[in-house]
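Structural overview for review
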Number of protein chains: 2
Amino acid sequence: MNSNGRNLNIDDISRPNPYLPRFSDLLSRVSNFSIIESTLREGEQFANAFFDTAKKIEIAKALDDFGVEYIELTSPAASEQSRLDCIEICKLGLKAKILTHIRCHMDDAKIAVETGVDGVDIVIGTSSYLREFSHGKDMDYIANAATKVINFVKSKGIEVRFSSEDSFRSDLVDLLALYRTVDKLGVNRVGIADTVGCANPRQVYELVRTLRGVVSCDIECHFHNDTGCAIANAYAALEAGATHIDTSVLGIGERNGITPLGGFIARMYTANRDYNKSKYKLHMLRDLENLVADAVSVQVPFNNYITGYCAFTHKAGIHAKAILNNPSTYEILKPEDFGMTRYVSIGHRLTGWNAVKNRVEQLSLCLNDEQVKRVTAKIKELADIRPQSMEDVDNLLREYHYAVESGDVIKFENGLTGTNCVNGS
Amino acid sequence: MNSNGRNLNIDDISRPNPYLPRFSDLLSRVSNFSIIESTLREGEQFANAFFDTAKKIEIAKALDDFGVEYIELTSPAASEQSRLDCIEICKLGLKAKILTHIRCHMDDAKIAVETGVDGVDIVIGTSSYLREFSHGKDMDYIANAATKVINFVKSKGIEVRFSSEDSFRSDLVDLLALYRTVDKLGVNRVGIADTVGCANPRQVYELVRTLRGVVSCDIECHFHNDTGCAIANAYAALEAGATHIDTSVLGIGERNGITPLGGFIARMYTANRDYNKSKYKLHMLRDLENLVADAVSVQVPFNNYITGYCAFTHKAGIHAKAILNNPSTYEILKPEDFGMTRYVSIGHRLTGWNAVKNRVEQLSLCLNDEQVKRVTAKIKELADIRPQSMEDVDNLLREYHYAVESGDVIKFENGLTGTNCVNGS
């Protein structure tokens, strides 16, 4: 109940979502995108990753069940087992389309199209760095190689994407010319890749928006997370008209990885909860992350999006008070949509009497506001020495209630300091 | 050496930094900002956090040594020990200015100014959500309360910041009017806080840019990370003219936390390496993170920015090849600036012959390119069964070299498949 005596929750409040543009944005694909899930390609480039066939199949099935639109696999040209696994996963009959990711070489393309994939993702470095230090080819060579490989893949009747690598350090004019060439060849998608993980959202918005005016095909984006912008960049790309975003579970990939599936979902859910709830089985996220974390021998980070163990823990007193009045005051993600639960922590020195009052009511104890304020001061005093568990707090509340009932409260309150204040923001 | 026979590294290449605007941007503070480090305030709101006095002092000293401009402490009104700790830390004589963070109440302000802090950060919720479900006050009440508290703090001759809470769900006109009022009162900074962790970079840019035109004081920003934009939002805020960014070590705070110090540094270093190297002792970052991780009993996330154990590990063959030619092809952060080292992983099925050749040369073995390609195929074959350690690979290379020297190579190569191809992007 709020201060006006009404029971409200997020759904009752008929105000527009403040995180969406007030007017419709025809360019934006924030509510109309596809995920290209690359745990079994980019994720295999993570330092710890070694997936055997059974684990690949388990992960592919789980991703398909979650609802991703595409699953990308390591190039069948990488090793013999990679090729056999590609064939195996194509045979599973998943709803998700299966892609594989190859260099812009005819040798690789020939192996790829024979595996039964629904599409081939072609990549070549276009930045002056990569052209100089990696393959050493010029833009004419790249355009010719791309044309040959694209026409070959198209002749097999499957999807084809052409992506530059290190796109943000490539010459803009060269890049746009190349994309227009491959668009005219009829590729399904062109790809932009921030291979070094260093683009920022305004840069991404501008490049994608420019590209959107040059090609008519779909636009896929791939963002590394070295400087912490992989989720924000994906969002900015969709705002600018990109259609497909690459993710991996927990973001695993080269170095510290790419846009994590869970964090991306958190971001997109905020923009349009219903759209994401209808497309993806959000409650599966935690199991999916545990599956992959186990497979690559890492812990899910303590601060992981949505599923991190403290993602829905509220601690400071003024937060706790408002959350208890209306969860949407401090929560934009509904924990129950992800099979998670909210936890309001009260056994610490930042606690507030409103949160304690809520617990008193849950325990069916009878204390007035003045008494709750006094027992809150006692909790703070004890928590200044060491954190109090929920059990500690409950015992204290019961003891205090007993003392009030038995008239022995003066003795109990000995040593109270009277502070009753909390932090927030 | 690159294909033109020159030895190059990132410093030799006289091309402009592609991550900075091509023309100077008078609004941007990307190369002129201050950090308000809030591990000892926001960080104390992290579920696991309980810092005793000694630990607070240790963390404050480490932050000061690292070079942050401000250290923010929990309100002295939160508990008696919080107040005593505030006094204690103010007495340390650190280079960093000490702030404390209070509610917009005279009671809190009176306690705060007596602790010896260099400044007081005042916060009040301004969104309709918080006004309705938290404190229940209207905008006139907020402006009056703010005026009283600000004038009181100013009368003590110390810095004062006034911040709204949940700024992105506050009415824009109300918010700007309030900020203009407090700016005229002479606050040092106004603050914008994305308390629910849900703003996106383009939104941040627009709000900060608008505010920049309304107030003449400094602008501080505070971003929660629930939907993965806390670093990108901080960057967008600086681009739009914000001057101060709140961080905490590893991002610890309410729920999954705020802009992490390390990730923020990664982002800013990319925009201006020299500026950040001159301000902060970057090589201290790892120890600082370990100190805080230990204090709150968490593991540093496997994919942590800069210091995560795989942040500088390169795996896919085409990445490894280019990195060995010139690290800046796939690395925008120089590991040595942070006391870290690069690792090129070669014992896996995505390996490439260029990376293997580099290792052959490190071991002073004598193999020609054709031989390196053949032994690379052998590594892939073995790594299809299980990952190969560096020791495994080294042994294999030595055995192969011995077989070549002794003319017994045919037997050694039995079972080779001839695949020699890798992934990337």
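All figures in this text were calculated on a predicted structure; none of them were measured in a lab.

Regarding the packing of aromatic side chains
- Counted according to the given criterion, the structure contains ten aromatic pairs over all chains.
- Between the aromatic rings of Y269(B) and F338(B), the centroid separation amounts to 5.0 Å while the plane-to-plane angle is 55°, which identifies the pairing as tilted. Here Y269(B) is found in helix 9 (residues 261-271), whereas its partner F338(B) is found in the loop between helix 12 (317-325) and strand 10 (343-344), with 69 residues between them in sequence.
- A residue is classified by how much of its surface remains accessible, and Y269(B), at 3% relative accessible area, is buried.
- Of the aromatic side chains, those joined through ring pairs into one cluster are F33(A), F264(A) and Y275(A).
- A cation sits over an aromatic face here: K279(A) above F33(A), 4.4 Å from the ring centre.
- Positioned over the ring face of Y235(B) is R267(B), at 4.4 Å from the centre of the ring.

Section: the domain arrangement of chain A
Residue and element names in this part refer to chain A.
- Domain annotation for chain A reports domain 1 (34-296) and domain 2 (313-416).
- Distance from the C-alpha centre of domain 1 to the C-alpha centre of domain 2: 48 Å.
- For the domain 1 and domain 2 pair, buried surface summed over both sides reaches about 750 Å², with 60% attributable to carbon and sulfur atoms.
- Linking domain 1 with domain 2 are two salt bridges.
- Here K277 makes a salt bridge to D337, at a shortest N to O gap of 3.3 Å.
- The interface formed by domain 1 and domain 2 contains five residue pairs in polar contact (both at pLDDT 80 or more).
- Secondary-structure elements contributing two or more residues to the side of domain 1 that touches domain 2 are helix 9 (261-271) and helix 10 (273-279).
- When residues of the side of domain 1 that touches domain 2 are assigned to their parent elements, the largest contribution, four residues, is made by helix 9.

A word on helix 9 of chain B
- Among the eleven residues that make up helix 9 of chain B, eleven are buried, leaving the element largely enclosed by the rest of the structure.
- Those residues of helix 9 of chain B not exposed but buried are L261(B), G262(B), G263(B), F264(B), I265(B), A266(B), R267(B), M268(B), Y269(B), T270(B) and A271(B).

Details of the interface of chain A and chain B
- Taken together, the contact between chain A and chain B spans 116 residues of the former and 116 residues of the latter.
- Interface of chain A and chain B: buried area, both sides summed, is about 10200 Å²; carbon and sulfur atoms make up 54% of it.
- In this structure, the connection of chain A to chain B is made through four salt bridges.
- For R349(A), the salt bridge goes to E44(B), with nearest N and O atoms at 2.7 Å.
- Across the chain A-chain B interface, the total number found is 40 residue pairs in polar contact (both at pLDDT 80 or more).
- When its residues are assigned to classes, the side of chain A that touches chain B shows 48 nonpolar, 41 polar and 27 charged.

Some points on the packing of helix 5 (residues 139-155) of chain A against helix 6 (residues 172-184) of chain A
Residue and element names in this part refer to chain A.
- Running from N to C, helix 5 and helix 6 cross one another at 20°; their axes reach a closest spacing of 10 Å. In terms of orientation, helix 5 lies roughly parallel with respect to helix 6. The two elements helix 5 and helix 6 cross, and the hand of that crossing is right-handed. For the pair helix 5 and helix 6, contact is made by M139, I142, A143, A146, T147 and I150 and by D174, L175, L178, T181 and V182, respectively.
- Residues belonging to the contact of helix 5 with helix 6 are distributed by class as follows: eight nonpolar, two polar and one charged.

So, the sheet that holds strand 5 (residues 159-165) of chain B
Residue and element names in this part refer to chain B.
- Around the barrel, which closes on itself, the eight strands sit in the order 1-2-3-4-5-6-7-8 with parallel pairing between neighbours. For this sheet, the mean angle separating the axes of adjacent strands, direction not counted, is 25°.
- The sheet contacts of helix 6 (residues 172-185) involve strand 5 and strand 6 (189-194), and relative to strand 5 the element is tilted by about 170°.

Considering the relation of the copies chain A and chain B
- Each copy superposes on the other: chain A lies on chain B with an RMSD of 0.0 Å after a rotation of 180° and an axial shift of 0.0 Å. Within this description, the copies of the chain are treated as partners about a two-fold rotation axis. Across chain A, the rotation axis passes nearest the C-alpha of P301(A), at a separation of 2.4 Å.
- In this assembly, 100% of the residues forming the interface of chain A have copies in chain B that are likewise at the interface, indicating an isologous arrangement.

Here is what the cut-offs are and how they apply
- Residues numbered from 1 in each chain as written.
- Chains lettered and ligands numbered in written order.
- Predicted model: local features only at pLDDT ≥ 70, side-chain atom pairs only at ≥ 80, totals over all residues.
- Heavy atoms only, no water.
- Phe/Tyr/Trp six-rings, centres within 6.5 Å; stacked < 30°, edge-to-face > 60°.
- Helix = DSSP H or I, 4+ residues; strand = E, 2+ residues; numbered from the N terminus.
- Buried < 20%, exposed > 50% of the residue type's maximum accessible area, 1.4 Å probe, protein only.
- Lys NZ or Arg CZ within 6 Å of the ring centre and 35° of its normal.
- Domains from an automatic or database assignment.
- Buried area = accessible area lost by both parts, 1.4 Å probe.
- Salt bridge = Lys/Arg side-chain N within 4 Å of Asp/Glu carboxyl O.
- Polar contact = N/O pair within 3.5 Å; in protein donor to acceptor, adjacent residues only side chain to side chain.
- Contact = heavy atoms within 4.5 Å.
- Nonpolar A, V, L, I, M, F, W, Y, C, P; charged D, E, K, R; others polar.
- Axes fitted to C-alpha atoms, helices over the stretch in contact; angles between N-to-C directions.
- Parallel < 35°, antiparallel > 145°, perpendicular 65-115°, else oblique.
- Left-handed = near helix turned anticlockwise from the far one by under 90°.
- Pairing = 2+ DSSP bridges.
- Least-squares fit on C-alpha atoms with pLDDT ≥ 70 in both.

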